[in-house]
Amino acid sequence: MSRLSGCGGRLDEISAALAAAATSNPLVGLPAGEDIRAAWFGTREDRSDGFLLARRRAILDALVDVVILNSTKRGGVSGRRNFDPSRRP
């Protein structure tokens, strides 16, 4: 018998809350304009009122796609790799 079998509805409630948090949009409630800087970094000297690192990461993940392209060899020094702007997405 599981230790959690007696929790019943509470366990279901917590599971639902975790699922909702995992699928929620991190951009909801984001302030517009100049207020974003204050919200991101905070206004106190110790920055304790700014977004938590997890929220910052979630926002960046929603807004930014990182694409890594291998550079190509073109003329010049043997073995040297140069950036080719035509290969950008």
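For the structure, see preceding data.
Now for a quick tour of the structure. (Residues numbered from 1 in each chain as written. Predicted model: local features only at pLDDT ≥ 70, side-chain atom pairs only at ≥ 80, totals over all residues. Heavy atoms only, no water.)

### Concerning the overall build of the protein chain
Scanning the protein chain from N- to C-terminus turns up 3 helices and 0 strands. Ordered by position from N to C terminus, the α and β elements of the protein chain give α-α-α. By the burial criterion, 10% of the 89 residues in the protein chain qualify as buried. Sequence separation of 24 or more characterises 22% of the internal contacts of the protein chain that already satisfy a separation of 6 or more. Element-wise, carbon and sulfur atoms account for 55% of the exposed surface of the protein chain, whose accessible area totals about 7,800 Å². (Helix = DSSP H or I, 4+ residues; strand = E, 2+ residues; numbered from the N terminus. Buried < 20%, exposed > 50% of the residue type's maximum accessible area, 1.4 Å probe, protein only. Contact = heavy atoms within 4.5 Å. Areas by Shrake-Rupley, 256 points an atom, 1.4 Å probe, with all protein chains shown as cover.)

### Focus: a nonpolar patch on the surface
On the surface, a nonpolar cluster with roughly 550 Å² of combined accessible area is contributed by Leu60, Leu63, Val64, Val66 and Ile68. Its location among the elements puts Ile68 in the segment after helix H3 (53-63). (Patch = residues over 30% accessible without salt bridge, like charges linked within 9 Å, V, L, I, M, F, W, Y side chains within 5 Å. Salt bridge = Lys/Arg side-chain N within 4 Å of Asp/Glu carboxyl O.)

### Things to note about the pattern of salt bridges
Applying the stated criterion to the full structure yields 1 salt bridge. Ionic pairing is found between Arg10 and Glu13, a salt bridge with its closest N-O pair at 2.9 Å. You can see Arg10 and its partner Glu13 sitting in helix H1 (residues 9-23), 3 residues apart, about one turn around the helix. When its relative accessible area of 48% is taken as the criterion, Glu13 is described as partly exposed.

### So, the packing of aromatic side chains
For the structure on display, the rule yields 1 aromatic pair. One Lys or Arg, Arg55, reaches over the ring of Phe51 and ends 4.5 Å from the middle of that ring. (Phe/Tyr/Trp six-rings, centres within 6.5 Å; stacked < 30°, edge-to-face > 60°. Lys NZ or Arg CZ within 6 Å of the ring centre and 35° of its normal.)

Shape descriptors only; they carry no functional weight alone.
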